Amino acid sequence: MSAPIDNPDHEFWSTQPVFQNESECSEASKVGPIDKPKEVNDIPTHPYPIASTFEWCSPNLESEEELNAVYVLLRDNYVEDNDSMFRFKYSPEFLKWALTPPGYYPSWHVGVRRKKDNLLLAFIAGIPLTMKMGVAADKLEETKKKIEEEGAGDTYEAPRRICEINFLCVHKQLRAKRMAPILIKEVTRRVNLENIWQAVYTAGVAIPTPFSIGQYFHRSLNPEKLVAIRFSMMPRQYEKFQNPMAMLKRNYNLPAVPHSKKVQEMTQEDVGVVTKLLNAYLEKFDVSPQFDETEVAHYFLPRDGVVYAYVLKSQSNEVTDFFSFYSLPSTVIGNSKYSELNAAYVYYYAANTISLEQLMNDLLIMANAKGFDVCNLVDIQENSGFLEKLKFLPGDGRLHYYFYNWSYPRVKSNRVGLVML
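Residues numbered from 1 in each chain as written. Predicted model: local features only at pLDDT ≥ 70, side-chain atom pairs only at ≥ 80, totals over all residues. Heavy atoms only, no water.

An unreviewed UniProt entry lists the chain under the name Glycylpeptide N-tetradecanoyltransferase, from Strigomonas culicis. The chain has a UniProt comment under Catalytic activity (unreviewed entry) that states "N-terminal glycyl-[protein] + tetradecanoyl-CoA = N-tetradecanoylglycyl-[protein] + CoA + H(+)". Of the comments in the UniProt record for the chain, the one headed Sequence similarities (unreviewed entry) reads "Belongs to the NMT family." (UniProt positions renumbered as here; feature names shortened; annotations may be inferred.)

1. Considering the packing of aromatic side chains
Throughout the structure, instances matching the rule amount to 35 aromatic pairs. Summarising the aromatic geometry, the rings of Y90 and F94 are spaced 5.2 Å apart at their centres and angled 55° between planes, so their arrangement reads as tilted. For the pair Y90 and F94, a shared accessibility class is recorded, and that class is buried. Ring centres of W97 and Y299 lie 6.1 Å apart, and the angle between their planes is 80°; this geometry places the pair in the edge-to-face category. On the criterion of sequence distance, the pair formed by W97 in helix α4 (residues 92-99) and Y299 in helix α10 (residues 293-300) is long-range, its members being 202 residues apart. Each member of the pair, W97 together with Y299, is buried. (Phe/Tyr/Trp six-rings, centres within 6.5 Å; stacked < 30°, edge-to-face > 60°. Buried < 20%, exposed > 50% of the residue type's maximum accessible area, 1.4 Å probe, protein only. Helix = DSSP H or I, 4+ residues; strand = E, 2+ residues; numbered from the N terminus.)

2. Some remarks on helix α9 (residues 271-282)
The end-to-end C-alpha distance of α9, which contains 12 residues, comes to 16 Å, matching closely the 16 Å that a straight helix rising 1.5 Å per residue would cover. Taken together, the buried positions of α9 are occupied by V271, V274, T275, L277, L278, Y281 and L282. On its buried face, α9 is in contact with β4 (120-133), β9 (287-290), α10, β10 (307-313), β11 (319-327) and β14 (343-350). (Expected span 1.5 Å × (residues − 1). Contact = heavy atoms within 4.5 Å.)

3. Points about the layout of surface pockets
Put simply, the second largest pocket is a space of about 450 Å³. Taken together, 24 residues make up the lining of the second largest pocket; nearest its centre are D35, K38, N192, W197 and N405. Elements represented by at least two residues in the lining of the second largest pocket include exactly β5 (160-170) and α6 (179-192). Element by element, the count of residues in the lining of the second largest pocket is highest for α6, at four residues. (1 Å grid on protein atoms, 1.4 Å probe; cavity = no way out; pocket = protein on both sides within 12 Å on 5 of 7 lines; lining within 4 Å. Points joined across faces, edges and corners; volume = space filled by probe spheres on them.)

4. Remarks on the packing of helix α3 (residues 64-77) against α4
Helices that pack against each other are described as a pair by the angle of their axes relative to one another and the distance between those axes. Interaxial distance between α3 and α4 falls to 9 Å at its minimum, and their mutual angle equals 105°. Judged by the inter-axis angle, α3 sits roughly perpendicular to α4. Between α3 and α4, the contacting residues are L67, V70, Y71 and L74 on the first element and P92, L95 and K96 on the second. Grouping the amino acids of the contact of α3 with α4 by side-chain chemistry returns six nonpolar, no polar and one charged. (Axes fitted to C-alpha atoms, helices over the stretch in contact; angles between N-to-C directions. Parallel < 35°, antiparallel > 145°, perpendicular 65-115°, else oblique. Nonpolar A, V, L, I, M, F, W, Y, C, P; charged D, E, K, R; others polar.)

5. A look at the pattern of salt bridges
Here the structure, examined in full by the defined rule, presents 15 salt bridges. For E340, the salt bridge identified is with K89, shortest N-O distance 3.0 Å. With E340 in strand β13 (residues 340-341) and K89 in the loop between β2 (86-88) and α4, this residue pair connects regions lying 251 residues apart in the sequence. Take E340: its relative accessible area is 25%, and that puts it in the partly exposed class. A residue is classified by how much of its surface remains accessible, and K89, at 23% relative accessible area, is partly exposed. As a salt-bridge pair, R161 and E295 come within 3.5 Å of each other at their nearest N and O atoms. Remark: E295 occurs in helix α10 and R161 occurs in strand β5; sequence separation between them is 134 residues. Given a relative accessible area of 6%, E295 falls into the buried group. Via salt bridges that share partners, E186, R189 and R190 belong to a single interconnected network. (Salt bridge = Lys/Arg side-chain N within 4 Å of Asp/Glu carboxyl O.)

6. Quick notes on the environment of A350
Assignment of secondary structure puts A350 in strand β14. Since its relative accessible area comes to 3%, A350 is described here as buried. Sequence separation between A350 and K276 is 74 residues; the distance between their C-alpha atoms is 10.0 Å. The contacts of A350, once residues within four sequence positions are left out, are L277, L278, Y281, D321, F322 and L359.

7. Topic: the domain arrangement of the chain
Partitioning the chain into structural domains gives domain 1 (14-200) and domain 2 (214-415). Computed from C-alpha coordinates alone, the two centres of domain 1 and domain 2 are separated by 25 Å. Tallying the contact residues gives 49 residues for domain 1 and 41 residues for domain 2. Here domain 1 packs against domain 2, burying approximately 4,200 Å² in sum over the two surfaces, 58% of which is carbon and sulfur. (Domains from an automatic or database assignment. Buried area = accessible area lost by both parts, 1.4 Å probe.)

8. Regarding the UniProt feature "domain: Glycylpeptide N-tetradecanoyltransferase C-terminal" (unreviewed entry) in the chain
In this structure's numbering, the residues bearing the UniProt feature "domain: Glycylpeptide N-tetradecanoyltransferase C-terminal" (unreviewed entry) are residues 229-413. Taken as a whole, residues 229-413 contains 23% helix and 29% strand, while its terminal C-alpha atoms sit 30 Å from one another.

9. Structural notes on the side chain of Q198
Mapped onto the secondary structure, Q198 falls in the loop between α6 and β6 (199-203). In this structure the side chain of Q198 is engaged in a polar contact, spanning 2.9 Å, whose partner is the side chain of R160. A polar contact is formed between the side chain of Q198 and the backbone oxygen of N405, at a distance of 3.1 Å. In this structure, Q198 is in contact with P33, R160, I162, C163, Y404, N405 and W406, ignoring residues within four places of it in sequence. (Polar contact = N/O pair within 3.5 Å; in protein donor to acceptor, adjacent residues only side chain to side chain.)

This is the structure in structure tokens:
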């Protein structure tokens, strides 16, 4: 999901290895590092200095108390919509799941706390992942031919281990203290100490300079509640009916069970096949992660209230298709009837033997059965192909995708296969 950048000004970004404007991004013909190569020995071993009343910390997410401190900071200070009606409410269980994948570095969980009472005032997190940041397999031969014929920059790169940055949050009382830039610099230092030099991150705001921009779409599951909390409005065409809400609910009604046969919750036995299906599907995209079996087990084995994953099986009981979604509620601000919006977000999937439209319809049915109010997604991957037929409507938000220290040309959102939590 998008992280608030706390508006570190362009003076800060002008010192960083990122494209400074749209023309640099659009004219990029070669992928690769922006910075000159460095060695781990070149990186300072001591943290950046901060005010004497504060201190750096690395919250231990295995500790219930320290995990709760991160949860409270995000719950009260993280992403809000433009009208301050909704604020993301990541649960402690979700945060632990998202931030402790196999091979994670505890030092990449960077916090600033107040010395006098240990109150956590700022946080940023990095996790390692393997990313393909070149061209998709289906375009590789075409790209190689273009390189030979035109001498164009090489846009193929083998997958590499990088850092995913997320959950940048500064307490509202410190927003004017320019805390975000120092957090970014400190987590960069810690990532570099592990001999990792690139990062990927997203934001709902525009900073220098995104390599892709996606739009949010929403599919109503509980239209009555969504209208009551003003997440969505009653469409004008329904006002002519004697009972507009009844007609709206009928429009978004879903069956009780999936259309596909043998839809089952993913289990440990399915991990190997799901890993192969998912990695093969993600090869379609220019920018996409690659998962090993331990990562697939961590990210997709169902955890109630966190992540839900299902497989489709053939008559011979073999896994053929896969879909998943995660739970990200929002606090409803200032509503006397409802305090929380229960949102499901489309995660990763692989349609193999049925259409993507049918697979996503099954996902909606399962999300509805779990009691979610709305299903959200960004128009990355192949999502745009089923939006209209499955009654997703465009939202106000956009998600900007960024690389740190990586030259990359602007690509359409349907060339991006990375889902950020």
